[in-house]
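Descriptive structure summary
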Amino acid sequence: MLKITDLEKIYRTEDIETVALNKISVDVKDGEFVAIMGPSGCGKSTLLNIVGLLDDADTGSFKFNSEEVISYNERKRADLRKRNIGFVFQSFNLIDELTVYENVELPLLYLGIDADERKKRVEAVLEKVQIMHRRNHFPQQLSGGQQQRCAVARAVVNNPKLILADEPTGNLDSKNGNEVMELLTDLNSQGTTVVMVTHSEHDARYAHRIIRMLDGQVVMENVLS
Amino acid sequence: MLRNYLKIAYRTLLRYKAYTALNVLGLTLGLTCAILIFMMVKFHLSFDQYHSKADRVVRLVSYFNTPDGEFYTPGVPAPLGDAARTDIAPLEKVSMVYNEGTVTVALMEGGVPTKKFKEDNEGVFFAEPDLFSILDLKILKGNVQDLKQPNVVFLTEKIAKKYYGDVDPIGKILRFDAKLNVKVVGLIQDLPTNTDLNCTILASYLTRDTYDPDWAKNMKKHWGGINSNTRCFALLKSNTNVAQVQKMTPAFLAKYYTSAEERKSRNLSIQPLSDIHFNENYSGVIPKRMITTLGIIGLLLLITACINFVNMATAQALKRSKEVGVRKVMGSSRGQLFWQFIAETAIITVIAGVFSYILASILFPFLSNWQEELIGYRMILGNLVDARFWMIFILTILSVIFLSGSYPGFVLGGFNTIVALKGKISTQSLGGVSVRKALVVTQFVITQILVIGTIVVSSQMNYFIKTDMGFKHDAILQMPIPQQDAVKLQTLKTQFKGISSIQKVSLVNTPPMSQSQNTTDVKYDNRRDSEKFSIYIKFADNDYLDLYGVKIVAGRNVMASDTSREFLVNEETVRRLGEKSNNDVLNKKLTIWGKTGLVVGVIKDYHVMTLHEKIPPLALSTNTQMYYTVAVKMNMADAQNTIKKLDKIWSATFPDFVFEYEFYDEQIGKMYQMETAMLGLIQAFALIAILIGCLGLYGLVSFMVAQKTKEIGVRKVLGASVGQILWLFGKEFSILIFIAFIIAAPAAWWVLNGWLQDFEYRISIGASVFAAAIFLTGIIAVITVGWQSSRAALANPVKSLRTE
């Protein structure tokens, strides 16, 4: 599904150049669950951002479903993103002014899906993550675990092929963290590819493969049974 | 999607209540002023445009080439109407119109006057029947052909109601000025408020002959004299235009003016109806440049409100960065974010629009009253709010939405997704600090221009008030003299002198400074020709100098006389006559209006007209037939009682007329009504501009405080004093104020210096005006910024750092 070859990303200021990704090459297959680990500043979040088409690389190749997307303009990126990718963040990133239901509905609005269909899909996914009863609450009225379940619901409501999770349990206690990981595993088992950045060895063990990074390069890969 | 935009906009606005309130308030103030200004501009531009043939209606007016320059008057020679009708083929209809300034109208019952009314404010007109073909005057009763007879009048509905209530006025008899009976033969619909033809009683033109037999005998066929109230309206044929008719006027006048001198000096101008209200040369009410100034001020206020909005919204955008990041991750395009922000702006603007319309409706009657008091015109809201108003209002709202919403929308849409998600959008990434600084500078520029404008206009007005006019004007009460009967006048004067609180009494034609003036040729000493200049002539008895405090610098006062035997001249006359000293003119002959007398004294120059004009050459003489005003200097301690006594004596002397009076100070004030109006408007709008600017500054500094919380904490931990922290804010605003000043000062100087050129006597715009402007702006900024920034400076650094 994802084929990254010799990808390079350098952050430049007037005096300093920081190499975030140093000719990195990574492949992710359809239906795979990959965890990316490494110390802070190793480039794992940069990689995730580039995969999520939120950031662009300086050189190298990035193929999404065999299509080169590195040269896509913002409009095309936005289009590809909203149709294929769901995001889960450490800090949930729910919009405070919208209710649970409205937050989950948002990606469907950008896809131009009609109201009836939206209602059906939002309610189905809220049932799935078990926060249907909090549908009319605002994010501040929810616990951290509920907020992250809402974020997961939002990430999967448009049936994306790929879910990118950036330390999804970082702000949660172990019980809520485990529940979120179960949700991701469940989605993966239904065919969704998951790429997750994490510091947690515990969470990484839910993945099929762990990619370990250091200084913008892949230094080790572990395939888990 | 739109519902989603509106929903989130609504919730965001509710969440940030202070921000919403400041924005709505700023926009409401700006829009309210814009609506009120638009109403005023619309009202004045609509003058006499309701006539169905307005584009073909013209007024024939006169101007003279004199050695002192061009002299303009809306009046024409009395025989012009008939001549134009015959000689100027492109004129389809012509009507002479004469307006008698003030007429005492008595209602007659069985040959006896029952009630008296003083009709002033240019209510009584004498006109030919063709006026009905030129202008839209709707006859409700009667026949226009009736106006071909003398001594008949048409009344407007309003005046008929005032005189007779619900009784049919047709056939009733009125008496004009206790001398002429006229019969009511028709009723016309009231004229709207937006007309310069303030007619309430329309008499047939032939009635003028019987009303003023002297005029009929001496002036009716006379091309030499021009009364500024004798006017001529005409309707152009549909295939002609003003320029064509204008070209014909020299040949037309040449037929009636035979001497080379007359032909050289006399001119006729064809004035379109649309010019009448605005042309100052021909007694226009409000100059076009005043309308333009108003329009510009309205626009500036709107711009300052928009800038406010942009500044606050852009600052606020920082708090929206996470939302923007999330939306972008979810697939929102830049365009969708832009439109989302436009939707939010639209909500604020529409709310402000509704509030401003309500506020404008509440304030409108005050504006209308104020305008009526100053320039005599009442505006009616219902007449001004029409489809065109709504169209322009909606267009303005849309423009404000896009002007205010575009930039913040563009900035928001351009946020880097990752940085936005992390909430690390900095002030630097808010679309360039320079843009916002430029906007703040623009706002300061507008504020400073208005502040400088207020200071200069106020100073000039103050200069009017404080300038020694060369005569006294306080505690002087003036009453009209309706009948120039020498015996009656002397009796009146004696009786007035008998009132203990009356100190002085004088009979005059006009007071020292007045709007009404007489000018004429003058012959001096034994010189063969008339002088090259025109002289202003005033008639008054020998108490005039004492009452008005005019000083004699050479010779003596005139002796009491009923005719013009002796003259006084002012110093300017001595200079214009080419004499070296004031004494040189004494006992020399002066011939004015065919009357020759000796110059017996020279009076110190005083202002004959407003400070717009230079002091002209002036001659004073006695002549009972020319006394139209009786002036008294009174003790103001018991003014009401004194006026009652004056009324009693005056009414007994002129039983057929209605007593009225005016304090001279008030009369002088009216001569500066346009300046007073302008000052009032500039003051009000400057205040509102400052208020809007303060709202913007307050919003901006709140944002800056929020941004600098951590910096302040760190600086305080490192030992910065409160003063040093305050300077963090002060420095930025000081620089912006100074840049604004560099732009505003020359711009304001240029505009106001141009305005001052209209005054022959004026203040000079000194450095102190600019110093005051920058000082005032600085104070305003300190007050607005001070509280917020000192709160930040005094905050506990531990708390400040905890925000990280």
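On a predicted model such as this, the values are computed, not experimentally measured, just so you know.

1. What to know about the overall build of chain A
Along the backbone of chain A there are seven helices and 10 strands. Principal axes of the C-alpha set define a box for chain A whose edges measure 50 × 40 × 35 Å. Counting the 225 residues in chain A, one finds 57% classified as buried. Taking the contacts inside chain A whose residues are at least 6 apart along the sequence as the reference set, 69% of them involve residues at least 24 apart. In chain A, 27 positive and 34 negative side-chain charges are present, and the distance between their average locations comes to 5 Å.

2. Considering the nonpolar core
Residue and element names in this part refer to chain B. Of all hydrophobic cores here, the largest spans 123 residues; its most connected members are Phe 471, Tyr 548 and Phe 685. Per-element tally for this core: the top contributor is helix H2 (residues 17–45), with 15 residues. Ignoring anything within four residues of it in the chain, the contact list for Phe 471 reads Pro 512, Met 513, Tyr 548, Gly 549, Val 550, Tyr 606, His 607, Tyr 664 and Ile 668. In terms of nonpolar packing, the next biggest core, distinct from the first, is built from 45 residues, Val 58, Phe 117, Tyr 211 and Trp 223 among them.

3. Observations concerning the interface of chain A and chain B
Across the boundary between the two partners, chain A contributes 23 residues, which contact 21 residues of chain B. The interface formed by chain A and chain B holds six salt bridges in total. On the surface where chain A and chain B come into contact, there are nine residue pairs in polar contact (both at pLDDT 80 or more). Among the secondary structure elements, those contributing two or more residues to the side of chain A that touches chain B are helix H2 (74–84), strand E6 (85–89) and helix H3 (100–110) of chain A. At five residues, H3(A) tops the list of elements feeding residues into the side of chain A that touches chain B. Considered class by class, the residues forming the side of chain A that touches chain B number 12 nonpolar, three polar and eight charged.

4. Considering the environment of B:Tyr664
Residue and element names in this part refer to chain B. Structurally, Tyr 664 is set in helix H22 (residues 664–671). Considering only alpha carbons, one finds Tyr 664 and Gly 298, 366 residues apart in sequence, at a separation of 35 Å. Sequence-distant contacts of Tyr 664, that is, excluding residues within four places in its chain, are made with Phe 471, Lys 472, His 473, Ile 476, Gln 478, Pro 511, Pro 512, Met 513 and Tyr 548. Looking at Tyr 664, its side chain comes within polar contact range of the main-chain oxygen of Met 513, at 2.7 Å.

5. Things to note about the side chain of B:Gln443
On the secondary structure map, B:Gln443 appears in helix H17 (residues 433–466). Among the polar contacts listed, one links the side chain of B:Gln443 to the backbone oxygen of B:Thr304, at a separation of 3.0 Å.

6. Here we look at helix H8 (residues 242–256) of chain B
Residues and elements named next belong to chain B. Between its first and last C-alpha atoms H8 spans 21 Å; for 15 residues at 1.5 Å apiece the expected length is 21 Å, and the two agree. In H8, a bend of some 35° at Thr 249 exceeds every other bend along the element, and Pro 250, a proline, comes one to four places later. Among all positions in H8, only Val 245, Thr 249, Phe 252 and Leu 253 are buried. Its buried side turned inward, H8 meets helix H3 (80–87), strand E3 (91–100), strand E12 (230–236) and strand E13 (266–272). With a side-chain oxygen lying 3.2 Å from the backbone nitrogen of Ala 243, the N-terminal cap of H8 falls on Asn 241.

7. Some details on the sheet that holds strand E14 (residues 476–480) of chain B
Spatially, E15-E24-E14-E25 (chain B) is the arrangement adopted by the four strands of the open sheet, whose pairing is antiparallel. What marks the edges here is a single partner per strand, and that holds for strand E15 (502–508) and strand E25 (662–663) of chain B.

8. Points about the side chain of B:Thr12
Here B:Thr12 is to be found in helix H1 (residues 2–15). In this structure, B:Thr12 is in contact with A:Glu97, B:Arg320 and B:Glu344, ignoring residues within four places of it in sequence.

9. Regarding the packing of aromatic side chains
Residue and element names in this part refer to chain B. One pass over the structure, following the stated rule, counts 38 aromatic pairs over all chains. Relative to Phe 393, the ring of Trp 390 lies with its centre 5.7 Å away and its plane at 75°, an arrangement referred to as edge-to-face. You can see Trp 390 and its partner Phe 393 sitting in helix H15 (residues 387–413), three residues apart, about one turn around the helix. The class for Trp 390 is partly exposed, based on a relative accessible area of 34%. When the centroid spacing of 6.5 Å and the interplanar angle of 75° are considered together, the rings of Phe 741 and Phe 770 count as edge-to-face. Separated by 29 residues along the polypeptide, Phe 741 in helix H24 (residues 722–756) and Phe 770 in helix H25 (residues 767–794) bring together distant segments of the chain.

10. As for the sheet that holds strand E1 (residues 2–12) of chain A
Residues and elements named next belong to chain A. In space, the four strands of this open sheet follow the order E2-E1-E4-E5, with antiparallel pairing throughout. The sheet terminates laterally at strand E2 (17–28) and strand E5 (67–68), the two strands that pair on one side only. Sheet analysis places E1 next to strand E4 (residues 59–64), joined by five bridges and oriented antiparallel. Note on E4: the bridge partner recorded for Glu 8 is Thr 59.

11. Notes on the pattern of salt bridges
Applying the stated criterion to the full structure yields 50 salt bridges over all chains. Across the pair B:Arg85 and B:Glu128 runs a salt bridge, and its minimum N-O distance is 2.8 Å. With B:Arg85 in helix H3 and B:Glu128 in the loop between strand E6 (124–127) and helix H4 (131–134), this pair connects stretches of sequence that are 43 residues apart. What makes B:Arg85 partly exposed here is its relative accessible area of 33%. Two residues, B:Lys670 and B:Glu662, come together in a salt bridge whose shortest N-O distance is 2.7 Å. Its relative accessible area of 46% is what places B:Lys670 among the partly exposed residues. The structure contains a network of salt bridges with shared partners spanning A:Lys9, A:Asp55, A:Asp56 and A:Arg77.

12. A few points about the pairing of strand E10 (residues 180–188) of chain B
All names here are of chain B. With respect to burial, E10 is a largely interior element, seven of its nine residues being buried. Strand direction decides the pairing type here: strand E8 (residues 152–156) and E10, joined by five bridges, are parallel. What sits directly across from Val 152, in E10, is Lys 183. Sheet analysis places strand E9 (residues 173–176) next to E10, joined by four bridges and oriented antiparallel. Opposite Arg 175, over in E10, you have Asn 181 as the bridge partner.

13. As for the packing of H2(B) against H15(B)
All names here are of chain B. Packing of H2 against H15 leaves a shortest axis separation of 12 Å and a crossing angle of 150°. Between H2 and H15, the interaxial angle falls into the category roughly antiparallel. The way H2 lies across H15 gives a crossing that is right-handed. Facing Leu 27, Leu 31, Ile 35, Phe 38 and Met 39 of H2, the residues of H15 in contact are Phe 389, Ile 392, Phe 393, Thr 396, Ile 397 and Val 400.

14. Regarding unusual backbone geometry
Of note, A:Asn65 is a non-glycine position whose phi angle comes to about 50°, a positive value. As for its placement among the helices and strands, A:Asn65 is situated in the loop between E4 and E5. Phi angles above zero are rare outside glycine, and B:Asn151 is one such case at about 65°. Looking at the secondary structure, you find B:Asn151 in the loop between strand E7 (139–141) and E8.

15. Some words on the confidence of the model for chain B
Considering every residue of chain B, the mean pLDDT works out to 88; 98% of them sit at 70 or more. In the model output, the complex is listed with pTM 0.79 alongside ipTM 0.79.

16. A word on a nonpolar patch on the surface
Taken together, the side chains of B:Val350, B:Ile351, B:Val354, B:Phe355, B:Ile358, B:Leu359, B:Ile362, B:Leu363 and B:Phe366 define a hydrophobic patch exposed on the protein surface, amounting to about 780 Å² of accessible area. Along the chain, B:Phe366 falls in helix H13 (residues 334–375).

17. With respect to H22(B)
All names here are of chain B. What H22 keeps buried is the set Tyr 664, Gln 667, Ile 668 and Met 671. Taken around the axis of H22, the buried residues stretch over an arc of 100°, which confines them to a single face. Contact partners of the buried residues in H22: E14, helix H19 (544–548), E25 and helix H23 (673–717).

18. What to know about the packing of helix H11 (residues 288–317) of chain B against H23(B)
Residue and element names in this part refer to chain B. Where H11 contacts H23, the axes come no closer than 8 Å and their chain directions differ by 10°. On the basis of their axis angle, the class for H11 and H23 is roughly parallel. In terms of residue class, the contact of H11 with H23 is built from 19 nonpolar, six polar and no charged.

19. As for the state of the cysteines
Residue and element names in this part refer to chain B. All chains considered together, the criterion is met by zero disulfides over all chains. In this model Cys 33 remains outside any disulfide bridge; the closest cysteine sulfur is found in Cys 306, 13 Å from its own. The buried category is assigned to Cys 33, whose relative accessible area is 4%. A disulfide-free cysteine, Cys 232 has its sulfur positioned 17 Å from the sulfur of Cys 199, the nearest such atom.

20. Focus: the environment of A:Asn22
Residues and elements named next belong to chain A. Within the secondary structure, Asn 22 sits in strand E2. Taking relative accessible area as the criterion, Asn 22 reaches 27% and is therefore assigned partly exposed. Remark: the alpha-carbon pair of Asn 22 and Leu 7, spanning 15 residues in sequence, is separated by 6.7 Å. Once you skip the residues sitting within four places of it in the chain, Asn 22 turns out to touch Leu 7, Glu 8, Asp 215, Gly 216 and Gln 217.

Here is what the cut-offs are and how they apply
- Residues numbered from 1 in each chain as written.
- Chains lettered and ligands numbered in written order.
- Predicted model: local features only at pLDDT ≥ 70, side-chain atom pairs only at ≥ 80, totals over all residues.
- Heavy atoms only, no water.
- Helix = DSSP H or I, 4+ residues; strand = E, 2+ residues; numbered from the N terminus.
- Buried < 20%, exposed > 50% of the residue type's maximum accessible area, 1.4 Å probe, protein only.
- Contact = heavy atoms within 4.5 Å.
- Lys, Arg positive; Asp, Glu negative; His and termini not counted.
- Charge placed at Lys NZ, Arg CZ, Asp CG, Glu CD.
- Core = buried A, V, L, I, M, F, W, Y, C linked by side-chain atoms within 4.5 Å.
- Salt bridge = Lys/Arg side-chain N within 4 Å of Asp/Glu carboxyl O.
- Polar contact = N/O pair within 3.5 Å; in protein donor to acceptor, adjacent residues only side chain to side chain.
- Nonpolar A, V, L, I, M, F, W, Y, C, P; charged D, E, K, R; others polar.
- Expected span 1.5 Å × (residues − 1).
- Bend = angle between axes of the 7 residues up to and from the residue.
- Pairing = 2+ DSSP bridges.
- Phe/Tyr/Trp six-rings, centres within 6.5 Å; stacked < 30°, edge-to-face > 60°.
- Axes fitted to C-alpha atoms, helices over the stretch in contact; angles between N-to-C directions.
- Parallel < 35°, antiparallel > 145°, perpendicular 65-115°, else oblique.
- Left-handed = near helix turned anticlockwise from the far one by under 90°.
- pLDDT = per-residue confidence, 0-100.
- Patch = residues over 30% accessible without salt bridge, like charges linked within 9 Å, V, L, I, M, F, W, Y side chains within 5 Å.
- Areas by Shrake-Rupley, 256 points an atom, 1.4 Å probe, with all protein chains shown as cover.
- Arc of directions from axis to C-beta.
- Disulfide = S-S within 2.5 Å.

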